[in-house]
Amino acid sequence: MNSRNNALALLSVAASNILATHVHSAQVAEQFQFGVRHHNYQEDPLTEPLGGSPERYDINVNQFSLIAPLSDTADLSVSYQKEKMSGASPWYTLKFGDEEPLQVMSGASIEDTRTDVSATLRVIDDFNSYGITAAVSEEDDYKSASFGFKYSRETEKRLSTWSIAADFSNDDINPVDADIYTTRPMDTQSKHSASTLGSYSRILNKNTLLQLSVGLSKKSGYLSDPYKMVITQQGLIGDARPDSKISKTIATQLRYFVDPMDAALHLDYRFYTDDWSIDSHTVDIAWYQNLLFDVQLIPSIRLYSQSQSYFYDVFYTQERADNYYSTDYRLSEYGAVTLGLKLIKKFDSWSMTLSADKYSSSGDTFLANTDVENPALIDFTLVSFGFDLQF
Amino acid sequence: MKKILLVISIIMLTGCVSTVEPWEKGRFAKAEMQFEPDTMDAAFKRHVYFSKEASSGGTSTSGGGCGCN
Amino acid sequence: MINFRRVILLVITFMAFNAMAVNRGEPVPALELAAWQDANPAINLQGLHGKILYIDFWASWCVPCKKSFPFMNTLREKYSAEELQILAINMDEYRADAEKFLKNTPALFTLLQGNAEVAKAFDIPGLPTAYLIDINGMIVARHTGFNKKSAKKTIQQIEFLLAKD
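Quantities reported herein were computed from a predicted structural model and do not represent experimental measurements.

What follows is about the overall build of chain C. The helix and strand tally for chain C stands at 5 helices and 7 strands. Each helix and strand of chain C, placed in order from N terminus to C terminus, yields the pattern α-β-β-β-α-β-α-β-α-β-β-α. Expressed as a percentage of the 165 residues in chain C, the buried residues total 27%. Within chain C, counting contacts between residues at least 6 apart in sequence, those at least 24 apart form 68% of the total.

For the rest of this paragraph, the subject is the sheet that holds strand 7 (residues 139–144) of chain C. Residue and element names in this part refer to chain C. Spatially, the 5 strands line up as an open sheet ordered 5-4-3-6-7, and their pairing is mixed. Of all the strands in the sheet, just strand 5 (110–113) and strand 7 have a single pairing partner and so form its edges. Neighbouring strand axes in the sheet, compared pairwise and without regard to direction, differ in orientation by 20° on average. Where strand 3 (residues 52–58) lies against strand 6 (residues 129–133), 5 bridges are found, and the strand directions are antiparallel. Each residue of the ladder has a partner; that of F57, found in strand 6, is T129. On top of the sheet, helix 5 (residues 148–164) reaches strand 3, strand 4 (84–90), strand 6 and strand 7; it is set at about 170° to strand 7, its chief contact.

As a further point, take the interface of chain A and chain B. Listed by partner, the interface residues are 79 residues for chain A and 42 residues for chain B. Ranked by the residues each element gives to the side of chain A that touches chain B, the list is headed by strand 10 (residues 189–205) of chain A, at 8 residues. The class makeup of the residues in the side of chain A that touches chain B is 31 nonpolar, 34 polar and 14 charged.

So, on to the interface of chain C and chain A. Each partner contributes to the interface: chain C provides 4 residues, whereas chain A provides 4 residues. Classifying every residue of the side of chain C that touches chain A gives 1 nonpolar, 2 polar and 1 charged.

This part covers helix 2 (residues 65–78) of chain C. Residue and element names in this part refer to chain C. Counted at 1.5 Å a residue, the expected span for helix 2 with its 14 residues is 20 Å, and the 19 Å between its end C-alpha atoms agrees. Listed in full, the buried residues belonging to helix 2 are C65, S68, F69 and M72. One side of helix 2 carries all its buried residues, which in axial view fall inside an arc of 105°. Exposed residues lying more than 90 degrees from the buried face of helix 2 are E77 and K78.

Each regular strand shows side chains that alternate between the opposite faces of the sheet. Residues and elements named next belong to chain A. Strand direction decides the pairing type here: strand 1 (residues 33–43) and strand 2 (residues 58–69), joined by 10 bridges, are antiparallel. Residue N40 lies in a different strand from strand 2, and its bridge partner there is N60. Note: strand 2 against strand 3 (residues 74–87), 12 bridges, orientation antiparallel. Across the sheet, P69 pairs through a bridge with D75, a residue of strand 3. Connecting strand 2 to the antiparallel partner strand 3 that follows it, the hairpin turn spans 4 residues.

A few words now on the environment of A:M105. Residue and element names in this part refer to chain A. With respect to the element layout, M105 can be found in strand 5 (residues 102–105). Residue classification places M105 among the buried positions, given that 22 C-beta atoms sit within 10 Å. Sequence-wise, M105 and P175 are 70 residues apart; in three dimensions their C-alpha atoms are separated by 17 Å. If we ignore the near neighbours within four places in the chain, the residues touching M105 are L46, P49, G51, G52, S53, P54, A88, P90 and W91.

Below, the discussion takes up the environment of A:T381. All names here are of chain A. With respect to the helices and strands, the residue T381 is situated in strand 20 (residues 379–390). The exposure class assigned to T381 is partly exposed, which follows from the 14 C-beta atoms found within 10 Å. Spatially, the C-alpha atoms of T381 and V28 are 36 Å apart, while their sequence positions differ by 353 residues.

The subject of this paragraph is the pairing of strand 3 of chain C. Residues and elements named next belong to chain C. Within strand 3, 7 of the 7 residues are buried, which leaves it mostly tucked inside the rest of the structure. Residue alternation in strand 3 divides its side chains into two sets, I52, Y54, D56 and W58 and L53, I55 and F57, and both sets are buried. Two elements, strand 3 and strand 4, share 7 bridges in a ladder whose sense is parallel. Counterpart to I55 in the pairing with strand 4 is L87. In this region the chain leaves strand 3, passes through helix 2 and returns to the parallel neighbour strand 4; the handedness of that crossover is right-handed.

Right, let's talk about the confidence of the model for chain A for a bit. Per-residue pLDDT for chain A has a mean of 91; in total, 94% of the residues score no lower than 70. Long-range and interchain partners of residues 1–24 of chain A, a stretch whose pLDDT sits below 50, account for 60 contacts in this model, where long-range means more than four residues apart.

With that out of the way, let us pick up unusual backbone geometry. Along the chain, C:L127 connects to C:P128 via a cis peptide bond; the corresponding omega equals 0°. Position of C:P128 among the secondary structure elements: in the loop between helix 4 (116–122) and strand 6. You will see that A:D177, though not glycine, has its phi angle at about 55°, which is positive. Following the sequence through the fold, A:D177 ends up in the loop between strand 9 (160–173) and strand 10. A:D177 gets classed as exposed once you count the C-beta atoms within 10 Å, which come to 9. Of note in the backbone geometry, A:D294 takes a positive phi value of approximately 55° without being a glycine. If you trace the backbone, A:D294 turns up in the loop between strand 16 (279–290) and strand 17 (295–306).

Criteria and thresholds
- Residues numbered from 1 in each chain as written.
- Chains lettered and ligands numbered in written order.
- Predicted model: local features only at pLDDT ≥ 70, side-chain atom pairs only at ≥ 80, totals over all residues.
- Helix = DSSP H or I, 4+ residues; strand = E, 2+ residues; numbered from the N terminus.
- Buried ≥ 20, exposed ≤ 12 C-beta atoms within 10 Å, placed from the backbone.
- Contact = placed C-beta atoms within 7 Å.
- Pairing = 2+ DSSP bridges.
- Axes fitted to C-alpha atoms, helices over the stretch in contact; angles between N-to-C directions.
- Nonpolar A, V, L, I, M, F, W, Y, C, P; charged D, E, K, R; others polar.
- Expected span 1.5 Å × (residues − 1).
- Arc of directions from axis to C-beta.
- Right-handed = clockwise from strand over helix to strand, strands pointing away.
- pLDDT = per-residue confidence, 0-100.

In C-alpha cells:
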C-alpha cells in the first residue's frame, strides 16, 4: 500500500460516526414532518421452475414517518411500516448430468404480514449530536428487536463531521409448518447481531461534499434459511450455514452541485467483504435535475456484483467436510443493475413523489462472471408513491 | 475497480479542497445535496437490498432483521 | 498531495482576517453597503450613531431565517425608527434566490446587499447571525441562529439599551 492509500485508510479508521445521515450540518427539526409511502414490489416469475409455483414475491408496503420537534435541541422521529407479501420461494435445486440446474419452488403461495416500528430520539447541542434508536418488527414466524446509538461531532468551522454509530439486535425465528417439513427446525432459533459504523464527512468546496464510512458487523446464531433445502448424498437436508459471520464495509459518498445545470450529482461506492468469502461492489449514481414548476426528476443507476460464499454450490455432487450447504442465490456469484426514475413535485408545505425501479440480475452482469448462474436469480420492479408534509 | 475509485477520490480531494465560508454553504441546504434526500425511500431500499442480496450496511448500522426470503 | 504552500497562504490570510474581525465591546466596522434597490443610497454602518442598531446577516437558504424575519418585523413595529434601526444584510450568491425568499417572507425593515468583505469583517460563524449595537456604535451582543429564547433575550437587551438613555 503506498503512502496515499495509507493516509486515506488511517482517516477512515480514525473516523467516528455518522448515522444514517441527514443534513450535513446537523439541525434539530423546526417543524413537524410527516411522510407516507406506498410501495409495490413484484418479482418476475421464474422462467423454468421444476415443480412448485413459478410466481415469486409480490409485496405491498405502507410506510409512515413522523418527525416531531421536542424543543430547540431535540427531536423525535417515529416510523411505521406494514408489509403484505405473497408468493412462492425457492426450495432446492436439481441438476441432471451436464444440463442447467433447475429450481424447485415451494408449492402454494406463502402469505405473510410484517410490521415494523422504530423510534429515534436526537439531541443536538451546538457541535454535538446524540441519537438513540429502538426498533421492533414482527411477522408470522419472525420477531426482531434492535437498539442503537449514535454520536456525531462537527469541527469548529462546521466543515467536517465525525460520527460513530453502534447497533445491537436480536432476531427470533420460529419456522411455520416445521412439523410437516422436517428439514425445518422445530424450536425457535435466535440470531444476534452487533454492528458499528464510523464516518467522516467533509465540505470540500462550495459545490462538493464527500463522506467516507467504515463498518464492522458480527452476526451469530442461526444464520441459515429454514425454508430452503439442499439435496446432498444424505438426501434432502435443510439449508446449513455457519453460525457466525463477520463482515466489513468501506463506503464513500459524493455530492456535487452542478451550477449551470441546477442539478446535483450523487456518486456512491461501497465495498463489502465477509468471512463467508463474499466480496461485493455497489455503485450508485443519481442525477437530481431541477426543472420548472418545482419539479425534480431523478434518473439513477445502481450496479451491484458479488462473489460466492465458500460453501455455496448450485448443486452438490460431493459431500462437504464442514457440513455447510446452501444453494441460495443470495450466496452465489452474480451481478445486478437497477435502473430508476423518480419524480418529485413540490408545493408550499407538501410534496409528492413517484418512482419506479427495475432490477435485473444475472451471472455475468457488472463484475460478476460465472459459468453457472443460480437458476433462482431475481428480477424485480418496484413502484413507489408518496407524500411529505411539513406543518 | 476499487483502486480506480480510490484514485478518483484522492484526485478530487487534492484538486478541489478550498476554504468555504459559513455564508457560502447555500448549496448544502438544498434537499438534493443531502446524503439521503429521501430518508423513507432510502430506508426502504436498504430493506429490499438487505433481503435480496448478500451485502448490507455501508452507510448505516444494520438495525433489526427480517425473515424475508 | 495537497499543495501545502497554498494551504499555508490560505491559513495566513484567514488569520489576518480573524485579527480584523470584531468582537463585543468593539466598534462596528466602517463599511458601506449597497441598498437592496440599487436606486436607493448606500448605507455606511458607522454613520448610524444616535440610534440602537440591529444588524442581521441572512440568506434565502437559511432555515431559521424564515422565523427571524417575522421577528424583525415585530421589532420594526414595536420600536420607532428613531429608537431602533434594523439592517438585514443578504448573503445570497444569486439575487434571484433572495427575491424568491422575500416574496414568501416579506420584510418591513431595511435590506442591504452583503458581500464577503463585510461577512469576514464580522467573522460571522453561520446564518443567521445578528448583532446589537448601541447608540455609540459599539457591538454589545451577538446572536447566532434563531429561536424563541434568543428573540426574548434580544428584546430584553433592546429595552435595557433604551432605558440607559
